[in-house]
Amino acid sequence: MTDFFAHESSYIDDGATVGAGTKIWHFCHVMAGAVIGERCILGQNVVVMPGTRLGDNVKVQNNVSIYEGVTLEDDVFCGPSCVFTNVVNPRSHVSRKAEYQKTLVQRGASIGANATILCGITLGEYSFIGAGAVVRSDVPAFALMVGVPARRVGWMCRCGVRLQLRDGRATCSACGTAYQETNGFLRLIDRPGASG
């Protein structure tokens, strides 16, 4: 008996860790050494390789491979067919396993369909990577990134609504969370209902 669901067409290797309430759908492969948190959802044809870590409540849509060295923190969303890499200069005839680079996707970040995330970078908390973007460098928290190569075109609220800044400040039109922009970074300054 397990406290997670895995479709009968999927493989969960011995030595993989899968948290309670997680759902793993058709044709997935979770390899030994992978760690998946609680209440995650893996869509069809997802591969989670050794040396990866997924936090709680991570949603990975169809056709995504999460390679060794990738960490997805709590509440991350990976859109269909988004791509992670783990080597800068791959060659079929040259082994580069000792050169894998780590990629960190921080809490609450969203990656759009068919986006490509180059290895060795960090996507900041609640950043939002547009569909088809190619991300080559670190992304600040709350940044909205689009294009090839990806560039910041705005800021996003924790709830996923695009923010409109006025005089370096923004209040989300949907949830009322307030932000301040300083030196090219955005920080949360007030969240309705937050204590303390």
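Residues numbered from 1 in each chain as written. Predicted model: local features only at pLDDT ≥ 70, side-chain atom pairs only at ≥ 80, totals over all residues. Heavy atoms only, no water.

A. Representation of the overall build of the chain within the structure. Broken down by element type, the chain carries zero helices and 25 strands. Taken along the three principal axes of its C-alpha coordinates, the chain extends 55 × 45 × 25 Å. Of the contacts formed within the chain by residues at least 6 apart in sequence, a portion of 14% connects residues at least 24 apart. On the chain, roughly 10,300 Å² of surface is accessible, and the fraction owed to carbon and sulfur atoms is 48%. Across the chain, the mean location of the 18 positive side-chain charges is 9 Å away from that of the 16 negative side-chain charges. (Helix = DSSP H or I, 4+ residues; strand = E, 2+ residues; numbered from the N terminus. Contact = heavy atoms within 4.5 Å. Areas by Shrake-Rupley, 256 points an atom, 1.4 Å probe, with all protein chains shown as cover. Lys, Arg positive; Asp, Glu negative; His and termini not counted. Charge placed at Lys NZ, Arg CZ, Asp CG, Glu CD.)

B. Examining the packing of aromatic side chains more closely. This structure, assessed with the given rule, holds three aromatic pairs. Judged by centre distance (4.8 Å) and plane angle (50°), the ring pair of Phe5 and Trp25 falls under tilted. Taken together, the residues span a long stretch of sequence, with Phe5 in strand β1 (residues 5-6) and Trp25 in the loop between β4 (23-24) and β5 (29-30) at a distance of 20 residues. The exposure class of Phe5 is partly exposed, given its relative accessible area of 35%. An angle of 70° between the planes, with centres 5.1 Å apart, marks the rings of Phe142 and Tyr179 as edge-to-face. Taken together, the residues Phe142 in the loop between β20 (134-135) and β21 (143-146) and Tyr179 in strand β24 (residues 178-182) connect sequence positions 37 residues apart. Residue classification places Phe142 among the buried positions, given a relative accessible area of 7%. (Phe/Tyr/Trp six-rings, centres within 6.5 Å; stacked < 30°, edge-to-face > 60°. Buried < 20%, exposed > 50% of the residue type's maximum accessible area, 1.4 Å probe, protein only.)

C. Region of the structure containing the sheet that holds β1. One open sheet accounts for nine strands, arranged β1-β4-β7-β10-β13-β16-β19-β21-β22; its pairing is mixed. What marks the edges here is a single partner per strand, and that holds for β1 and β22 (151-155). Here two bridges tie strand β7 (residues 41-42) to strand β10 (residues 59-60), and the two strands are oriented parallel to one another. Pairing of Leu42 across the sheet is with Val60, part of β10. (Pairing = 2+ DSSP bridges.)

D. Spatial organisation of the environment of Ala131. Mapped onto the elements, Ala131 comes out in the loop between β19 (128-129) and β20. Residue classification places Ala131 among the exposed positions, given a relative accessible area of 64%. C-alpha separation for the pair Ala131 and Leu104, spaced 27 residues apart in sequence, amounts to 19 Å. Beyond its immediate sequence surroundings of up to four residues, Ala131 is in contact with Gly112 and Ala113.

E. Structural detail: the sheet that holds strand β18 (residues 122-123). The strand order across the open sheet built from six strands is β3-β6-β9-β12-β15-β18, with neighbouring strands paired in parallel fashion. Each of the sheet's edge strands pairs with one partner strand only, and the pair in question is β3 (17-18) and β18.

F. Geometry of the environment of Pro80. Structurally, the position occupied by Pro80 is in the loop between β13 (77-78) and β14 (83-84). Residues Pro80 and Ala113, 33 residues apart in the sequence, show an inter-C-alpha distance of 4.7 Å. Excluding residues within four positions of it along the chain, Pro80 makes contact with Gln61, Asn62, Val64, Ala113 and Asn114.

G. Geometry of the pairing of β24. Sheet topology places strand β23 (residues 169-171) next to β24; three bridges connect them, and they run antiparallel. Following the sheet pairing, Ala170 is matched in β24 by Tyr179. Count of turn residues in the β23/β24 antiparallel hairpin: six residues, of which Gly176 carries a positive phi of about 85°. Where β24 lies against strand β25 (residues 185-190), five bridges are found, and the strand directions are antiparallel. Of the residues in β25, the one forming a bridge with Ala178 is Asp190.

H. Structural detail: the pattern of salt bridges. Tallied over the entire structure, the rule returns five salt bridges. For Glu99, the salt bridge identified is with Arg96, shortest N-O distance 3.7 Å. Overall, Arg96 belongs to the buried group, its relative accessible area being 19%. Residue Glu181 pairs with Arg152 through a salt bridge whose shortest N-O separation is 3.9 Å. Placement of the pair is Glu181 in strand β24 and Arg152 in strand β22, with a sequence separation of 29 residues. (Salt bridge = Lys/Arg side-chain N within 4 Å of Asp/Glu carboxyl O.)

These figures capture arrangement, not role.
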